[in-house]
Amino acid sequence: MPGGRLSQQERQQIAAGLADGLAYAEIARRLDRPTSTVTREVMRNGGPGGYRAELAHHATERRSRQRRPGAARGETPAQPAGRDAEAVRAYEETLTTVFIQSGLAKMMSRVLACIFVSDSGTRTAAELAQHLEVSPATISKSIAFLESQDLVRRERDERRRERYSVDNELWYQSTVASAQANLRLAEIARQGGGALGPGSPAAVRLENVARFLEFVSEAIMRSAEQARDVLFTESDKIKM
């Protein structure tokens, strides 16, 4: 299996594979490269929808020239014994891709993935900015959005530094908040009958939407409650 940096020709093959809708694993197989290499390359250079071979090649060369020997920026933090740092980095980028595909913007997805892969489940703004190679202002903007969606929690540590964290309760709250938003949408959809006329095709359509959203949202909320009771241990609940 070839090692080292990707060539410009390989980047062109990656771009062609993405255009054809191939999965990262299939592109990697055709290049005889690890899937993590292809995933990392794409996510560093615009994501699956914005990857351009020529731009990616020039960006990599520029980063190589700018990177000072021994610099820590962008490197995967030291990992516990037995854990492959490169595998952690590849998984973080895969998780980022999943968050993007679920509807989060790229930077918000990168921030959320970075917090999730930490053993403590927390990061400071400085840690996030260094790891992701972005400005503190960019981190602040991303955190503000993630907070508004109940996806991260802001807190202060013993040194009075702001830390951003994820935990079981936060994921539960996010799931419930999403279901409640759908219930509000169902309520608005049902109000359409008054404006559009009871029994009209549009009113019937909106009533069906309302009934569907209510059924699914209530089922999700019941499942979330059951999952919290069954899956989380007493020690987990104490931490919440």
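Just so it is clear, the structure is predicted and the values come from calculations on it, not from any experiment.

*Asks:* Let's hear about the pattern of salt bridges: which residues, and what values?
*Replies:* Counted under the stated rule, the structure contains 14 salt bridges. Residue E93 pairs with R89 through a salt bridge whose shortest N-O separation is 3.6 Å. Here E93 pairs with R89, and both are found in helix α6 (residues 85–101), just four residues apart, close to one helical turn. With relative accessibility at 9%, the residue R89 sits in the buried group. Linked by salt bridges that have partners in common, E147, R154, R156 and E162 make up one network.

*Asks:* Mind laying out the packing of helix α8 (residues 125–132) against helix α9 (residues 136–148), listing which residues take part and the relevant values?
*Replies:* The N-to-C vectors of α8 and α9 enclose an angle of 115 degrees; their axes lie 9 Å apart at closest approach. Considered as vectors, α8 and α9 are oriented roughly perpendicular to each other. Of the two elements, α8 crosses α9, and the hand of that crossing is right-handed. Note on element contacts: α9 touches α8 through P136, I139 and I143, opposite A125, L128, A129 and L132. The class makeup of the residues in the contact of α8 with α9 is seven nonpolar, no polar and no charged.

*Asks:* Summarise the layout of surface pockets; cite the residues concerned and give the values.
*Replies:* Here the second largest pocket is characterised by a volume of approximately 380 Å³. Lining the second largest pocket are 17 residues, with L104, Q149, L151, S174 and S178 positioned closest to its centre. Mapped onto the lining of the second largest pocket, the elements with two or more residues apiece are α9 and α10 (168–196). For the lining of the second largest pocket, the element with the most residues is α10, which contributes seven residues.

*Asks:* Go over α9 with me, naming the residues and quoting the values.
*Replies:* Given a rise of 1.5 Å per residue, 13 residues ought to cover 18 Å, and the 18 Å separating the end C-alpha atoms of α9 matches this to within 8%. Those residues of α9 that sit buried are I139, S142, I143 and L146. Projected down its long axis, α9 carries its buried residues within an arc of 100 degrees, all on one side. Residues of α9 that are exposed and angled more than 90 degrees away from the buried face: A137 and K141. Elements in contact with the buried residues of α9: α7 (106–116), α8, β2 (153–156) and β3 (162–165). The positive-phi residue at the C-terminal boundary of α9 is D150, with phi of around 60 degrees.

So, how was this worked out
Residues numbered from 1 in each chain as written. Predicted model: local features only at pLDDT ≥ 70, side-chain atom pairs only at ≥ 80, totals over all residues. Heavy atoms only, no water. Salt bridge = Lys/Arg side-chain N within 4 Å of Asp/Glu carboxyl O. Helix = DSSP H or I, 4+ residues; strand = E, 2+ residues; numbered from the N terminus. Buried < 20%, exposed > 50% of the residue type's maximum accessible area, 1.4 Å probe, protein only. Axes fitted to C-alpha atoms, helices over the stretch in contact; angles between N-to-C directions. Parallel < 35°, antiparallel > 145°, perpendicular 65-115°, else oblique. Left-handed = near helix turned anticlockwise from the far one by under 90°. Contact = heavy atoms within 4.5 Å. Nonpolar A, V, L, I, M, F, W, Y, C, P; charged D, E, K, R; others polar. 1 Å grid on protein atoms, 1.4 Å probe; cavity = no way out; pocket = protein on both sides within 12 Å on 5 of 7 lines; lining within 4 Å. Points joined across faces, edges and corners; volume = space filled by probe spheres on them. Expected span 1.5 Å × (residues − 1). Arc of directions from axis to C-beta.

By themselves these figures say nothing about function.
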